[in-house]
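The lines below spell out each chain.
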Amino acid sequence: MDMSDKTILITGSTDGVGRRVAERLAAVGGKVLVHGRDRARAESLLAGIHDAGGKAAFYPADFSSLDEVRTLADAIERDHDRLDILINNAGIGTDGGDAGRQVSHNGHELRFAVNYLAGFLLTHRLLPLLKAGGPARIVNVSSAGQQPIDFSDVMLTRGYSGVRAYCQSKLAQIMFTFDLAEELAGSSVTANCLHPATYMNTTMVRQAGVAPMSTVDQGADAILNLAVGADLERRTGLYYDGQRPSRANAQAYDATARKRLRLLSQDLTGLS
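Read on for a plain summary of the structure. (Residues numbered from 1 in each chain as written. Predicted model: local features only at pLDDT ≥ 70, side-chain atom pairs only at ≥ 80, totals over all residues. Heavy atoms only, no water.)

1. Some details on the environment of Asp-231
The topology assignment puts Asp-231 in the loop between helix 7 (216-228) and strand 7 (239-241). When its relative accessible area of 64% is taken as the criterion, Asp-231 is described as exposed. In sequence terms Asp-231 and Ser-188 are 43 residues apart; their C-alpha atoms lie 16 Å from each other. (Helix = DSSP H or I, 4+ residues; strand = E, 2+ residues; numbered from the N terminus. Buried < 20%, exposed > 50% of the residue type's maximum accessible area, 1.4 Å probe, protein only.)

2. A closer look at the pairing of strand 2 (residues 31-36)
Burial of strand 2 is extensive: five of the six residues sit out of reach of the surface. Across four bridges, the pairing between strand 1 (residues 7-10) and strand 2 is parallel. Within strand 2, the residue paired with Leu-9 across the bridge is Leu-33. As a crossover connection, the stretch from strand 1 through helix 1 (residues 16-27) into strand 2 is right-handed. Sheet analysis places strand 2 next to strand 3 (residues 55-60), joined by six bridges and oriented parallel. Residue pairing for strand 3: Leu-33 is matched across the bridge by Ala-57. (Pairing = 2+ DSSP bridges. Right-handed = clockwise from strand over helix to strand, strands pointing away.)

3. Quick look at the nonpolar core
Nonpolar side chains in soluble globular proteins tend to end up buried together. Phe-63 and Phe-112 are the most contacted members of the largest nonpolar core, which totals 50 residues. For this core, the secondary-structure elements that each account for two or more residues are helix 3 (66-79), helix 4 (110-132), strand 5 (136-141), helix 5 (162-183), strand 6 (189-195) and helix 8 (255-269). Among the elements that take part in this core, helix 4 stands out by supplying 13 residues, more than any other. Non-local contacts of Phe-112, meaning those with residues more than four positions away in its chain, are made with Leu-117, Val-154, Met-155, Gln-168, Ser-169, Ala-172, Leu-261 and Leu-268. Leu-194, Leu-224, Ala-227 and Leu-232 belong to the second largest nonpolar core, which has 29 residues in total. (Core = buried A, V, L, I, M, F, W, Y, C linked by side-chain atoms within 4.5 Å. Contact = heavy atoms within 4.5 Å.)

4. What about the sheet that holds strand 7?
Strand order in the open sheet made by the eight strands is 3-2-1-4-5-6-7-8, with mixed pairing throughout. Strands at the two margins of the open sheet, each flanked by one partner only, are strand 3 and strand 8 (244-245). This element, helix 1, spans strand 1, strand 2, strand 3 and strand 4 (85-88) of the sheet and lies at about 170° to strand 1. Seen against the sheet, helix 5 touches strand 4, strand 5, strand 6 and strand 7 and runs at an angle of roughly 155° to strand 6. (Axes fitted to C-alpha atoms, helices over the stretch in contact; angles between N-to-C directions.)

5. Some remarks on the pattern of salt bridges
Inspection of every chain in the model, using the stated rule, returns 17 salt bridges. Of the charged contacts in the structure, one is a salt bridge between Glu-23 and Arg-19, with a shortest N-O distance of 3.7 Å. On the criterion of helical spacing, the pair formed by Glu-23 and Arg-19 is a turn pair, its members being four residues apart in helix 1. Judged by relative accessible area, Glu-23 falls into the partly exposed class, the value being 32%. Linking Arg-258 and Asp-179 is a salt bridge whose minimum nitrogen-to-oxygen distance equals 3.4 Å. One end of the pair, Arg-258, is in helix 8; the other, Asp-179, is in helix 5, with 79 residues separating them in the sequence. The exposure class of Arg-258 is buried, given its relative accessible area of 6%. Overlapping salt bridges, with partners in common, bring together Arg-19, Arg-20, Glu-23, Arg-24, Asp-217 and Asp-221 in one network. (Salt bridge = Lys/Arg side-chain N within 4 Å of Asp/Glu carboxyl O.)

6. Side note on the side chain of Ser-143
Along the polypeptide, Ser-143 turns up in the loop between strand 5 and helix 5. Residue class for Ser-143 comes out buried when judged on its relative accessible area of 8%. Within the structure, the side chain of Ser-143 is placed 2.9 Å from the backbone nitrogen of Gly-145, a separation counted as a polar contact. Apart from the residues within four sequence positions on either side, Ser-143 is in contact with Tyr-166, Lys-170, Ile-174, Leu-194, His-195 and Tyr-239. (Polar contact = N/O pair within 3.5 Å; in protein donor to acceptor, adjacent residues only side chain to side chain.)

7. Focus on helix 1
Over its 12 residues, helix 1 extends 17 Å from the first C-alpha to the last, a length consistent with the 16 Å expected when each residue adds 1.5 Å. Among the residues of helix 1, those classed as buried are Gly-16, Val-17, Gly-18, Arg-19, Val-21, Ala-22, Leu-25 and Ala-26. Residues of helix 1 that are buried sit in contact with strand 1, strand 2, helix 2 (39-51), strand 3, strand 4 and helix 7. Positive phi appears at Gly-29, one or two residues downstream of helix 1, with a value of about 100°. (Expected span 1.5 Å × (residues − 1).)

Written out as structure tokens, the structure is:
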């Protein structure tokens, strides 16, 4: 695998599986654009990549703020004329600490905002760069934990739980992926999504109070399969469980539900 002429943006790549994917893509020549909130962790990652002869740059942004997502997109557009791979990996977990319902800087339910809306906005902003880098790939890192969206209460003002919020946001990612694949049909850009591995040994899993069951390398293998695997060339609109094609929650295949989510998301992000 030679990625020497590829530019890759990986959101949420200063820790966990995103960090491992960044390290592995940099090791085979990719120019990795690292995103995260923690500058110290980012500088540690960049130092390791640079010491090994790789190429990487850090772009900070807090995904609980849509303004910071826009600033991130502006910076990527300023510094690069193409993007070959976009891996939307950033996210927050179920919050096993039972902190209760939280909201983003924009007043949206926090998990819906960080896990879904931020990636929705960023991806649409970067589509011109992805088309310029074609053939290009979009990989949305979702989860097998999925729950249908209640369009009468998307922000979960009633009956809130962190698990419900997380699972709804992850299904929204999948619905977005399927919608995006249809939107980009006939272009040089593909969009696929996956559940990388179950309860990887990451900060998110440990904070949820769950005993890890998988390694970050298992999750990285699955993400890299969609990002660079030869078998996925020009294949789009797919959901994978690890490295196996799978089926998502039934709502993901409901065109009417996907349209409702798309229109809501466009309105919330100012893309309408």
